[in-house]
Amino acid sequence: MSRTAPDVAPPQPTPATEVAVGTNNRPLPQPIDLPGLAESDSLLRNLVSALSAHPLLARLLATDSLVRGATLAVVQIGDGKTPASPLAVLRPMARLQLRGGQAQGPIEPASYARWDTAVTALQSIDPRDAAQLYVNVKPLFDEAYKELGSPAGGDFDQAVIQAYHVLAATPDLPSDPALVRRPGYYEYDDPALRALRPVQKQFLLMGPEHRKAVLDWLRQLATALDLQL
């Protein structure tokens, strides 16, 4: 744990249109010498930064324990929890506002713009390139998944599928949801929305356009990985 990770020169990502694929159309892992999980941050930073130079991604990559953090975020979403800790740097700086500045009522539509940067950062990575990167380093994700108590031999693909299902189950609303301001937090006025899982309640606050963009990106990733959603 105390050893300094050697500088690894990762292979340049293969263009998505030229990746080698198996019989199920999932990209085959490219030859790469994976470090141990505890020493994998440098490798992940190099691989992801080669796919996108978005500033918010750079902030995320500057954090420690990247594989463990990403794994925890996916597992928490699949459990219905909000991944506030592993994805803390993605939290928008602007505060949520209600229409007319009231303490109760519909969300101010302009508040959805708080998530523009995070969604743009996600979209800056081609899902097909993300799929190739994922299969290249998947043993690291599987190891981190096992650390969190997955079944012996647990496949992190299943955690990705479960997380997608939880997000996709977030209801589409005909209008902006009404909230009630409480000391230190907001609460949905509709009891049915209050009964949603925490991550679904948060997903609603991103706005319909952002939710569609995130789910579209995830479906493209699943298709590239030949995951059955």
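Whatever comes next refers back to the structure up there.
An order of S1-S2-S3 is seen for the three strands of this open sheet, with the pairing classed as antiparallel. On the outer flanks of this sheet lie strand S1 (104-106) and strand S3 (185-188), each paired with one strand and no other. Put simply, the sheet's adjacent strands are angled 35° from each other on average, direction ignored. Sheet topology places S1 next to strand S2 (residues 178-182); three bridges connect them, and they run antiparallel. Residue pairing in the sheet places Gln104 in a bridge with Val180 of S2.

Here we take up the pairing of S2. Note that S2 and S3 share four bridges and pair antiparallel. Within S3, the residue paired with Arg182 across the bridge is Tyr185. Remark: two residues form the turn of the hairpin made by S2 and S3, two consecutive strands paired antiparallel; Gly184 in that turn has positive phi of roughly 90°.

When the charged atoms of two side chains with opposite charge come close together, those side chains can pair. Evaluation of the coordinates by the stated rule reveals 11 salt bridges. A salt bridge links Glu187 to Arg182, with the nearest nitrogen and oxygen atoms 3.0 Å apart. Classification of Glu187 as partly exposed rests on a relative accessible area of 24%. When its relative accessible area of 35% is taken as the criterion, Arg182 is described as partly exposed. Lys212 is the salt-bridge partner of Asp216, the closest N and O atoms lying 2.9 Å from each other.

Calculation notes
- Residues numbered from 1 in each chain as written.
- Predicted model: local features only at pLDDT ≥ 70, side-chain atom pairs only at ≥ 80, totals over all residues.
- Heavy atoms only, no water.
- Pairing = 2+ DSSP bridges.
- Helix = DSSP H or I, 4+ residues; strand = E, 2+ residues; numbered from the N terminus.
- Axes fitted to C-alpha atoms, helices over the stretch in contact; angles between N-to-C directions.
- Salt bridge = Lys/Arg side-chain N within 4 Å of Asp/Glu carboxyl O.
- Buried < 20%, exposed > 50% of the residue type's maximum accessible area, 1.4 Å probe, protein only.

Function cannot be inferred from these measures alone, as they are strictly geometric.
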